[in-house]
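Tertiary structure, described
One letter stands for each residue in the lines below.
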Amino acid sequence: MEPPEMTEEMKNWMDKAFQMAQDALDNGEVPVGCLMVHDNQIVGRGRNEVNETKNATRHAEMVATDQVIDWCKKNGKGSKEVFEDTILYVTVEPCIMCAGALRLLRIPLVVYGCCNERFGGCGSVLNVAENSIPSTGTPFKCIPGYKAEKAVEMLKTFYKQENPNAPRSKVRKKE
Amino acid sequence: MAPPADDRKFSSWSLIPVLSLKEEQELKGYDSGHVIPPLSTFFAAPITDKKQISRLSQALYLQYPLSHTQRHLKRVRACQYNLEILLRPIMPEDRVTLLKNNVDPSKQNNGCPENSVGSKSEINLQVTDILQGGYINLNGLGKPFIVSVPSRAARNQKEQQVWGSIWPCTYHAKLKTPDKDEGNSKEGVSEQEKLRIGRNMHRALEAAQQNQSKGGKGVGAVVVDPESGKVLAIGTDHTIAKACPLLHACMVAIDLIAQQQGGGAYVGLSSVEEKDRERINEETGKRMEPKGDEREKRKHSKAKDGDAEIPYLCTGYEVYVTQEPCVMCSMALLHSRVSTVYYGCSSIGGALGTYYRLHCSSGLNHRFLAYRGVLEDECRRLVCGDEI
Ligand SMILES: [Zn+2]
Ligand SMILES: [Zn+2]
């Protein structure tokens, strides 16, 4: 079932985020894709980079954020103004950390696919998105549920693929 | 950056554990005397002939010994005008009989009328129904009843007081788990440990002061390996220097650790010079040996969960940060598997005690310890503005 608030344009962006997630899956990465869209163009995109960076905070949303900041520098725009007018499209509900980050960035709207039962910050574990946390940016709206089953299926495929006999040093991927 | 040779230059501070809501309510309960112990139900009976006490106690002791989890219970209590004795615990198979008698054993209040709200519950059974088998001479036992008793031993003096008002219990001080109020100092840590914590926070404080003098928000975060006692990374707020609203001191410190391990995401983060860190570690090394129990704890935390093989992240490390971390940073520390976070002053949107208590949230897959109040006054003086 598709959320009724979704416009055709939003569905198109989400489909692009899903393509990124599929691409990640094909390349052995956690199948989570995200796009940041400002003024009808993609200003940041990201996928999980925890393994490459050995930094547990490098979730797709954080990676995309840094791209937006770079985009602003290149285009001579103030990042504050850009983030305040940017929509995040992501295949999985942002975790508590990322939801906190999105508040600090003052992103007004997040469109996502499936829920993140383990770490979700938009209602699954905590509702960082809507709670009135003082001094922590602004709350944001969410439109959940677009192609949720597909997003879950991709995650399941990924975790099934993971070889249980992989060397011990191999990091367990997470989102 | 002079070493903190004289710790007395700081205002006095206390190390305050940031507890879960449940633990906090338990503690409040102690203070106001409203602790309700976990209860289990027993059949009991008054002793109508005091001459029979020792014979009855012995017979019950042999035929219905208290299990090892019930040994805190005294078998007999004095109640107003007579004595009462525990016959045996109520077993699951008794419930059918009891329900037939319109008694729900799970809803029993406790016994002695003068010190409890409820009363012991009458039942329509005879002692012979309860002590079947007929091995015990039942002379001297009155009409049986049901009573609730503490189902585990008291863990501290305060609990013992409450337990004792419900049913007399023995209390072995040596069996207790460490109590927050006892221990070597007021906060349950030794003076030496408190000094160590203060010194590490002093590093974070120095970094925060430098950060503020360079136009930053005046926040510092230090990562310490408790096994070696070494300072591994010193991060400061880079939100202004890097024009990125997410580069809080904790996020920077986490990335500095990743960089040392061959990873990292942010380039050009200014950290305390390598030389400086080495100097600090040399000084620290002279003063303290790695603590054996910390080492054990860390091994334990590595072994007990599925992500244990991750060789990097901040598994087992301590983080010292001048202000309570925001929700993003707190979750970042949780994702990074830190063992303990010490912070100076609380923040109004803080996520380790003030707005959320992420470190002990039941829905999450990792927990860590959090303490506040370390060099609190000095840390608070650096706070500027509203926004975290
Ligand atoms: Zn995240
Ligand atoms: Zn923060």
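Described below are features of the structure shown in this document. (Residues numbered from 1 in each chain as written. Chains lettered and ligands numbered in written order. Predicted model: local features only at pLDDT ≥ 70, side-chain atom pairs only at ≥ 80, totals over all residues. Heavy atoms only, no water.)

**Some remarks on the overall build of chain B**
- Along chain B, the regular secondary structure elements total 11 helices and 11 strands.
- Expressed as a percentage of its 388 residues, the buried residues of chain B come to 51%.
- For chain B, contacts bridging at least 24 residues in sequence account for 66% of all contacts bridging at least 6.
- Surface accessibility of chain B: about 18800 Å² in total, with carbon and sulfur atoms responsible for 51%. (Helix = DSSP H or I, 4+ residues; strand = E, 2+ residues; numbered from the N terminus. Buried < 20%, exposed > 50% of the residue type's maximum accessible area, 1.4 Å probe, protein only. Contact = heavy atoms within 4.5 Å. Areas by Shrake-Rupley, 256 points an atom, 1.4 Å probe, with all protein chains shown as cover.)

**Concerning the coordination of the zinc ion (ligand 1)**
All names here are of chain A.
- Looking at the zinc ion (ligand 1), the protein donor atoms are His59 (ND1), Cys95 (SG) and Cys98 (SG), and they sit 2.1 to 2.3 Å from it.
- Taking the relative accessible area as the measure of exposure, His59 reaches 0% and is therefore buried.
- Using a relative accessible area of 0% as the deciding quantity, one classes Cys98 as buried. (Donors = N, O, S within 2.8 Å, 3.2 Å for Na, K, Ca; no water.)

**Let's talk about the environment of Asp23 of chain A**
- With respect to the secondary-structure elements, Asp23 of chain A resides in helix 1 (residues 8–26).
- Sequence separation between Asp23 of chain A and Arg47 of chain A is 24 residues; the distance between their C-alpha atoms is 9.8 Å.

**Some points on the side chain of Glu324 of chain B**
Residues and elements named next belong to chain B.
- Assignment of secondary structure puts Glu324 in the loop between strand 9 (318–323) and helix 10 (327–335).
- Salt bridges are absent for the buried Glu324, whose nearest opposite-charge side chain, Arg372, sits at 7.4 Å.
- A polar side-chain atom of Glu324 sits 2.4 Å from a polar atom in the side chain of Thr354.
- Leave out the neighbours within four places in its chain, and Glu324 touches Tyr343, Cys345, Ser346, Ser347, Gly350, Ala351, Leu352, Gly353 and Thr354. (Lys, Arg positive; Asp, Glu negative; His and termini not counted. Salt bridge = Lys/Arg side-chain N within 4 Å of Asp/Glu carboxyl O. Polar contact = N/O pair within 3.5 Å; in protein donor to acceptor, adjacent residues only side chain to side chain.)

**Points about the pairing of strand 8 (residues 230–236) of chain B**
Residue and element names in this part refer to chain B.
- With 6 of its 7 residues buried, strand 8 lies for the most part within the structure.
- Two strands pair when backbone bridges link them, and strand 7 (residues 220–225) and strand 8 are joined in this way by 6 bridges, in the antiparallel orientation. Each bridged residue has a counterpart across the sheet, and for Asp225 the counterpart in strand 8 is Lys230.
- Counted along the chain from strand 7 to the antiparallel partner strand 8, the turn is 4 residues long, and its residue Gly229 has a positive phi close to 80°. (Pairing = 2+ DSSP bridges.)

**Some words on the coordination of the zinc ion (ligand 2)**
- Those protein atoms acting as donors to the zinc ion (ligand 2) are His248 of chain B (ND1), Cys326 of chain B (SG) and Cys329 of chain B (SG), and they sit at 2.0 to 2.3 Å.
- All donors of the zinc ion (ligand 2) come from a single chain, and their spacing in sequence reads H-x77-C-x2-C.

**Quick word on the packing of aromatic side chains**
- Throughout the structure, instances matching the rule amount to 6 aromatic pairs over all chains.
- Taking 5.1 Å as the distance between ring centres and 80° as the angle between the ring planes, the aromatic pair formed by Phe158 of chain A and Tyr159 of chain A counts as edge-to-face.
- Their ring planes at 15° and their centres at 4.8 Å tell us that Tyr320 of chain B and Tyr342 of chain B sit as a pair that is stacked. Separated by 22 residues along the polypeptide, Tyr320 of chain B in strand 9 and Tyr342 of chain B in strand 10 (residues 340–345) bring together distant segments of the chain.
- Taken together, the ring pairs in this structure connect Tyr320, Tyr342 and Tyr371 of chain B into an aromatic cluster.
- When the ring centre of Tyr266 of chain B is taken as origin, the NZ or CZ atom of Arg58 of chain A, which lies over that ring, is 5.0 Å away.
- Lying over the aromatic face of Trp13 of chain B, Lys194 of chain B brings its terminal NZ or CZ to 4.7 Å of the ring centre. (Phe/Tyr/Trp six-rings, centres within 6.5 Å; stacked < 30°, edge-to-face > 60°. Lys NZ or Arg CZ within 6 Å of the ring centre and 35° of its normal.)

**A short note on the sheet that holds strand 2 (residues 41–46) of chain A**
Residue and element names in this part refer to chain A.
- Read from one edge of the open sheet, 5 strands run 2-1-3-4-5, paired in mixed fashion. Taken across any chain shown, the strands that pair with only one partner, and hence form the sheet edges, are strand 2 and strand 5 (141–143). With strand direction ignored, the average angle separating the axes of adjacent strands in the sheet is 20°.
- Where strand 1 (residues 34–38) meets strand 2, 5 bridges bridge the pair, whose relative direction is antiparallel. Residue pairing across strands places Leu35 opposite Arg45, the latter belonging to strand 2.
- Here helix 1 sits on the sheet in contact with strand 1, strand 2, strand 3 (86–92), strand 4 (109–114) and strand 5, set at roughly 50° to strand 3.
- Of the strands in this sheet, strand 1, strand 2 and strand 3 touch helix 3 (residues 60–74), which is tilted by about 135° from strand 2. (Axes fitted to C-alpha atoms, helices over the stretch in contact; angles between N-to-C directions.)

**Observations concerning the pattern of salt bridges**
All names here are of chain B.
- Evaluated as defined, the whole model comprises 11 salt bridges over all chains.
- Residue Arg77 pairs with Glu84 through a salt bridge whose shortest N-O separation is 2.9 Å.
- Between Arg88 and Asp94 there is a salt bridge, and its shortest N-O distance comes to 2.8 Å.
- Judged by its relative accessible area of 10%, Arg88 falls in the buried class.
- One continuous salt-bridge network, built from bridges that share partners, spans Glu193, Arg196 and Glu318.

**Section: the interface of chain A and chain B**
- In this complex, chain A contributes 43 residues to the contact, which on the side of chain B involves 42 residues.
- Surface buried jointly by chain A and chain B totals about 3500 Å² across both partners, of which 64% is contributed by carbon and sulfur atoms.
- Where chain A packs against chain B, one counts 0 salt bridges.
- At the junction of chain A with chain B, the criterion picks out 6 residue pairs in polar contact (both at pLDDT 80 or more). (Buried area = accessible area lost by both parts, 1.4 Å probe.)

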